[in-house]
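Descriptive analysis of the structure
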Amino acid sequence: GERRRLSVGEQLLGEPKALLADEPTTGLDAHQAERVVRLIRALSREREIPAVATLHQPRSTIWRHLDDALLLAPGGRVIYHGPADGALQYFARLGHKCPPQTNPAEFLIDLVSICEDDEAERAADLARVAALADAHAAAAAALPPLPPPPPPLSAPSPRRRLAPLRRCALCLRRAWRQNIRDGWVNGVRLAVSGGLALVFGEVFGRLSTPSAASVAERIALLSYASINMAMLALMKTIDMLGRERPVVGRERARNLYGAAEYLVAKLIAEVPLDAAFAAGFGCALKARLGLAMPTATLVATLSLTAAASAALGLALGALVPGQDAPLAVGLPVMIVHMVLGILNPAGAADAKPPSAAMSVVSHASPIKWSVRALCCAELRGLE
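What you see is a predicted model, and the numbers here were worked out from it, not measured in a lab. (Residues numbered from 1 in each chain as written. Predicted model: local features only at pLDDT ≥ 70, side-chain atom pairs only at ≥ 80, totals over all residues. Heavy atoms only, no water.)

1. Points about the packing of aromatic side chains
Applied cut-off: Here a Phe, Tyr or Trp ring, Trp counted by its six-membered ring, pairs with any other such ring whose centre lies within 6.5 Å, and the pair is stacked when the planes are under 30 degrees apart, edge-to-face when over 60, and tilted otherwise. Either the NZ atom of lysine or the CZ atom of arginine qualifies as a charge over a ring when it sits within 6 Å of the ring centre and within 35 degrees of the ring normal.
Tallied over the full model, the rule gives 7 aromatic pairs. In this structure an aromatic cluster arises from ring pairing among Phe200, Phe204, Tyr224 and Phe281. In this structure, Lys368 packs its charged tip against the face of Trp369, placed 4.6 Å from the ring centre.

2. With respect to the packing of helix H12 (residues 325-341) against helix H13 (residues 356-363)
We count it as follows: Here, axes are lines fitted to C-alpha atoms. For helices the fit covers the stretch in contact, and angles between N-to-C directions go from 0 to 180 degrees. Helix numbers and strand numbers start at the N terminus; a helix is a DSSP run of H or I with at least 4 residues, a strand a run of E with at least 2. To sort the angles, those under 35 degrees are grouped as roughly parallel, those over 145 as roughly antiparallel, those from 65 to 115 as roughly perpendicular, and the leftovers as oblique. Only heavy atoms enter the contact rule, under which two residues are in contact if any of them lie within 4.5 Å.
Relative to each other, H12 and H13 sit at 105 degrees, their axes nearing to 9 Å. Classed by the angle they form, the pair H12 and H13 counts as roughly perpendicular. In this structure, H12 contributes Val336, His337 and Leu340 to the contact, and H13 contributes Met358, Val361 and Ser362.

3. Brief notes about the nonpolar core
Here is the rule: In this description, a nonpolar core means a group of buried Ala, Val, Leu, Ile, Met, Phe, Trp, Tyr and Cys residues linked to one another through side-chain atoms lying within 4.5 Å. Partly exposed describes any residue whose relative accessible area lies between the buried limit of under 20% and the exposed limit of over 50%, with all areas from a 1.4 Å probe on protein chains only and scaled to the type maximum.
Within the largest apolar cluster, 34 residues are counted, with the highest numbers of intra-cluster contacts made by Leu221, Phe281, Leu285, Leu298 and Leu302. No other element matches helix H9 (residues 212-253), which puts 11 residues into this core. Residues contacting Leu285, with those up to four places away along its chain left out, are Ala197, Phe200, Leu221, Ala225, Gly290 and Leu298.

4. Focus on the pairing of strand E1 (residues 19-22)
The criterion, for reference: The criterion for strand pairing is that DSSP finds at least two bridges linking the strands in question. Here the term right-handed applies to a crossover when the path leading from its first strand over the helix to its second strand runs clockwise, the strands being oriented away from the viewer.
Here E1 shows a buried face lined by Leu19 and Ala21 and an unburied face lined by Leu20 and Asp22. Here E1 runs beside strand E2 (residues 51-54); their pairing, made up of 4 bridges, is parallel. Across the sheet, residue Ala21 finds its bridge partner in E2, namely Ala53. For the crossover from E1 across helix H2 (residues 30-47) to E2, the handedness is right-handed.

5. Section: the confidence of the model for the protein
Definition in use: Within a predicted model, pLDDT stands for the predictor's per-residue confidence, ranging from 0 to 100.
When pLDDT is averaged along the protein, the result is 85; 95% of the residues meet or exceed 70. Strand E3 (residues 68-73) holds the highest mean pLDDT among the elements of the protein, 92, whereas helix H1 (residues 2-11) holds the lowest, 79.

6. A short note on the packing of helix H10 (residues 259-289) against helix H11 (residues 295-319)
What counts here: In this scheme, a crossing is called left-handed if the near helix is turned counterclockwise away from the far one by less than a right angle; it is called right-handed if the turn is clockwise. Lys, Arg, Asp and Glu make up the charged group, whereas Ala, Val, Leu, Ile, Met, Phe, Trp, Tyr, Cys and Pro make up the nonpolar group; the residues left over, Gly among them, are polar.
Interhelical geometry of H10 versus H11 gives an angle of 145 degrees and a closest axis separation of 7 Å. For the element pair H10 and H11, the recorded crossing hand is right-handed. The class makeup of the residues in the contact of H10 with H11 is 18 nonpolar, 3 polar and 3 charged.

Take a look at the structure:
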């Protein structure tokens, strides 16, 4: 019930011209169902907009909240269309009187229900529905044409749209609340970062004194560390945008905020978090493997790598349509950045220089700049 009422409130945020509710009471108990219908009626009158709802087996108290009723038989045939409080009198004139102490809505639904188990009863139900449909068609044809609607007494005053900074602040507050609610997920990510540092330590061990083999180990280790932070940040951001895309699309369609305001809020809320996980990974890596570079350099470089990759994920998620397509595009993009960004410990072949296109693309790789920065910091001064 709380979710249904919240969904009604969400639909009214964008100043709609009508409120359409498809089975808003289905799955609710009688009390919650009445509260939802009562809310729709109150908001419809408060906003001065028409509200149309499809209701299945409403209780008698819900029936009293309806202004007009449209009763449909199987096949979409109209059986009654008019004021709700006049429905029982209309069917009584046709020979179908509602028994005392009977829910009017259930009585009307029984009139248009067709039994499928017994042939004789099914034939009788079909004949009754056909007669009721013909009676309504004849009554509708005899009615005079409707007069034009009267002009509104007063034009509704449009609601002032919030300023861009205010909209961005509200998006940012929601993004922070989402991060707080996903505390256990962030805890798992932190544990995974520490666990990966332990795995790296088990694979590479404590780095030995400088030697040719040690240089190759250090380059490989730093390359894997950069790739790890870039991939985790990119995939997490693309997945987050995919899950939020339906909500964001619905809210942007109501003109609640723009794409720039949403993306700026996400950058402020998500990028520092990704950088913090990378910093934890860097601290654990420094303590476990004994790298030569200062801890601040390692932490800052990995944090910037994660931040740049998260921003790249936001860009891909915003540019590529669909919910799953950004993930399908993000993986190949990151693989290209990885191939163009890692260093070959044996050295690059001068006889095979990269093409101009590949050289340009490599400059956009966050992995390339991360690996080079870490290698310069780690190997400088070693003999």
